[in-house]
Amino acid sequence: MWITALLAAAVVSSLLTPAAPATAICAKYCDGRDPAVAAGDRAGGSSAIWSRTVALHLSDGDDMGWASIGNGSPGDETWLDRSFDGGRTWSADSRIGTTTIPAGQRGWRTLMFNVDDPGTHRFGALRACGKAGDRPEVTCTPWVRTTVAAANRTEAAATALMQYYDNGTGLWQTTGWWNSANALTSILDYSVRTGSPNYRYAIGVTFDKNHGANFTNDYLDDTGWWALAWIRAFDLTGERRYLDTAVAAANYLYSYRDGTCGGGLWWSTAKTYKNAVTNELFVKVAASLHNRLSGDSTWLSRANQTWAWFAASGMITGSNLVDDGLNGSCAAAGTVWSYNQGIVLGALTELNRATGDAALLTRARQIADAATTTSSLNSGGILRDPCETGDCGADGPSFKGAFARGLGELDRALPGRPYHAYLVRQANSTIANNHTPLDQHGLHWAGPLDKTDAARQHSALDVLVAAL
């Protein structure tokens, strides 16, 4: 069910200055279509002010909507707002279809307007707003969209994630650099698993606008995330430039391997910390490259070498959970985060594919069994990270998505899909307790919803895809 607080219909504010007419959008039909010929009329929410009822109407077959005002008086006003970033902002010309109740009537409606702008790859939302006569107060319904590109819960979550996508930068607004790599991977995984072509345009946009440094920077784990994204892009498109970029990124990663603590890759170019995430990512990247480069032996050797070091490093504890990294004495230390458990599952699954070594899947199952049952990462059967009792910052909201992705990869590689029920339980919980009418998800999969952003959204999409 939707979050109760977000179902509150009335959003009352001071009246905004009337705006110029919005630029018309033409999709299946052009803006300004008569609701009398709508393919349907689905209630999109309502709100009341001074005894008036303002309502949003949606025609899913047209991908359009309109506003109405009822129980009013001549001169009462209603209009639509249209947003292309999930209701976070709307342009100065977004007040569309403004109309007033004419003389002799108690109610009126606007014309129909498009929700989406497919010509510019923008996925929108509408809300209906209105006011009573010359009173300054305005009321608006919640933001809602049609079922176009939202026919089921997974597609709806993918569309909501793309509402954070910035076509100008090729990255996701509201989140960071490495989180955007995960957001792209989520969209790619969704596309691979469902066959949906809806968001493939983002692959080339992101690459073309950001490939200048081969997606490398001072933090080696960031580079690993981007390398995995481009490997998945190669899987989906077959374009060699993506695989070549992953190779360049992997070579950059491996250049920061040395003998400190017996081997392994550093976390950053500053060489101050050897940790789980960087080395797990490298194992997966290297094994993935081997599995896609005909005749390779180098990347398989590097994957095996790094896994052997990691397995003996002490970062995998006696309880089969992965610590964050090694301290200055080369001993395991740090918090047990969900993503460190999930990355290694995907890495071992990929390395098993490369080698056929069944022992790798056995080790992965030991880690997965521990991660899905420990109370340090699960509460009432629902995954949570330790930071969720406070502030997970900018990084933490991506952690559970990475875990779900890795667990899903292992699950699909095993007979009988032993972790499928766990993944479905997580997916069902975030749908039931942690999302808005626009299918945006928060941090806490068990609820309550805290806030929404692209990192939280890609994590939800990750678990929904893993549960398919």
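To be clear, the structure that these remarks concern was listed above.
Scope of this entry: the structure provided in the associated data block. Predicted model only: the values in this text are computed from it and were never measured.

### Structural notes on the overall build of the protein chain
- Helix and strand counts for the protein chain stand at twelve helices and 16 strands.
- Computed over the C-alpha atoms, the radius of gyration of the protein chain is 25 Å, within 12% of the 23 Å expected from 2.2 N^0.38 for a compact globule of 468 residues.
- Out of the 468 residues in the protein chain, the part that is buried amounts to 56%.
- Long-range contacts, defined here as pairs at least 24 residues apart, represent 65% of the contacts in the protein chain between residues at least 6 apart.
- Here the protein chain has roughly 17,400 Å² of accessible surface; of this, 53% comes from carbon and sulfur atoms.
- Charge-centre separation for the protein chain: the mean point of 38 positive side chains lies 3 Å from the mean point of 43 negative side chains.

### Section: the pattern of salt bridges
- In this structure the tally under the stated criterion is 26 salt bridges.
- Its salt-bridge partner being Asp85, residue Arg88 comes within 3.9 Å of it at the nearest N-O pair.
- Looking at Arg88, the relative accessible area reads 33%, which means it is partly exposed.
- We classify Asp85 as buried; its relative accessible area is 9%.
- Two residues, Asp244 and Arg240, come together in a salt bridge whose shortest N-O distance is 2.8 Å. Of this pair, Asp244 and Arg240 both sit in helix α5 (residues 240-254), four residues apart, roughly one helical turn.
- With a relative accessible area of 39%, Asp244 lands in the partly exposed category.
- Under the relative-accessibility criterion, Arg240 is labelled partly exposed at 46%.
- It is possible to trace a salt-bridge network through shared partners that takes in Asp189, Arg232, Asp235, Lys284, Arg292, Glu350, Arg353, Arg405, Glu409 and Asp462.

### What about the packing of helix α9 (residues 358-373) against helix α10 (residues 399-413)?
- At a minimum axis distance of 11 Å, the contact between α9 and α10 shows a crossing angle of 135°. The orientation of α9 relative to α10 falls into the category oblique. As α9 packs across α10, the resulting crossing turns out to be left-handed. Residues Leu361, Ala364, Arg365, Ala368, Ala371 and Thr372 of α9 pack against Phe403, Leu407 and Leu410 of α10.
- Grouping the amino acids of the contact of α9 with α10 by side-chain chemistry returns seven nonpolar, one polar and one charged.

### Brief notes about the side chain of Asp296
- Relative to the assigned elements, Asp296 resides in the loop between α6 (276-290) and α7 (298-312).
- The side chain of Asp296 is buried and forms no salt bridge, while Arg302, the nearest opposite charge, is found at 8.0 Å.

### With respect to the environment of Pro74
- Mapped onto the elements of the fold, Pro74 is located in the loop between β4 (64-70) and β5 (77-83).
- When its relative accessible area of 48% is taken as the criterion, Pro74 is described as partly exposed.
- Each C-alpha atom, one on Pro74 and one on Gly97, is 17 Å from the other, the two residues being 23 residues apart in sequence.
- When near neighbours in sequence (up to four residues on either side) are disregarded, Pro74 contacts Ile101, Pro102, Ala103, Gly104 and Gln105.

### Observations regarding the nonpolar core
- Counting residues in hydrophobic clusters, the biggest one holds 108 residues, and the most contacted among them are Trp172 and Leu289.
- If you tally residues by element for this core, the top one is helix α4 (residues 220-237), at eleven residues.
- With residues up to four places along the chain from it excluded, the contact list for Trp172 reads Leu161, Met162, Tyr164, Tyr165, Ser180, Ala183, Leu184, Ile187, Thr206 and Ala454.
- Core analysis: the next-biggest nonpolar cluster, separate from the first, contains 13 residues, Leu58, Phe113, Leu126 and Val144 among them.

### Examining the environment of Trp225
- Position of Trp225 among the secondary structure elements: in helix α4.
- Once residues within four sequence positions are removed from consideration, Trp225 is found in contact with Trp178, Ala181, Asn182, Val277, Leu281, Tyr339, Ile343, Ala402 and Arg405.

### Here's the deal with the packing of aromatic side chains
- The full count for this structure, using the stated rule, is 24 aromatic pairs.
- Relative to Phe215, the ring of Phe207 has its centre 6.0 Å away and its plane inclined at 35°; by these criteria the two rings are tilted. Pair check on accessibility: Phe207 and Phe215 agree, each one buried.
- Pairing Trp230 with Tyr242 gives two aromatic rings, centres 5.2 Å apart and planes at 15°, and the pair type is stacked. Residue Trp230 is located in helix α4, and its partner Tyr242 is located in helix α5; the two are separated by twelve residues in the primary sequence.
- Take Trp230: its relative accessible area is 1%, and that puts it in the buried class.
- Ring pairs connect the aromatic residues Trp177, Phe207, Phe215, Trp226, Trp230 and Tyr242, which therefore count as one cluster.
- The aromatic ring of Trp90 is capped on one face by Arg127, whose charged end is 4.2 Å from the ring centroid.
- Sitting over the ring of Trp50, Arg135 keeps its end group 3.7 Å from the ring centre.

What counts, and at which threshold
- Residues numbered from 1 in each chain as written.
- Predicted model: local features only at pLDDT ≥ 70, side-chain atom pairs only at ≥ 80, totals over all residues.
- Heavy atoms only, no water.
- Helix = DSSP H or I, 4+ residues; strand = E, 2+ residues; numbered from the N terminus.
- Rg over C-alpha atoms; globule rule 2.2 N^0.38 Å.
- Buried < 20%, exposed > 50% of the residue type's maximum accessible area, 1.4 Å probe, protein only.
- Contact = heavy atoms within 4.5 Å.
- Areas by Shrake-Rupley, 256 points an atom, 1.4 Å probe, with all protein chains shown as cover.
- Lys, Arg positive; Asp, Glu negative; His and termini not counted.
- Charge placed at Lys NZ, Arg CZ, Asp CG, Glu CD.
- Salt bridge = Lys/Arg side-chain N within 4 Å of Asp/Glu carboxyl O.
- Axes fitted to C-alpha atoms, helices over the stretch in contact; angles between N-to-C directions.
- Parallel < 35°, antiparallel > 145°, perpendicular 65-115°, else oblique.
- Left-handed = near helix turned anticlockwise from the far one by under 90°.
- Nonpolar A, V, L, I, M, F, W, Y, C, P; charged D, E, K, R; others polar.
- Core = buried A, V, L, I, M, F, W, Y, C linked by side-chain atoms within 4.5 Å.
- Phe/Tyr/Trp six-rings, centres within 6.5 Å; stacked < 30°, edge-to-face > 60°.
- Lys NZ or Arg CZ within 6 Å of the ring centre and 35° of its normal.

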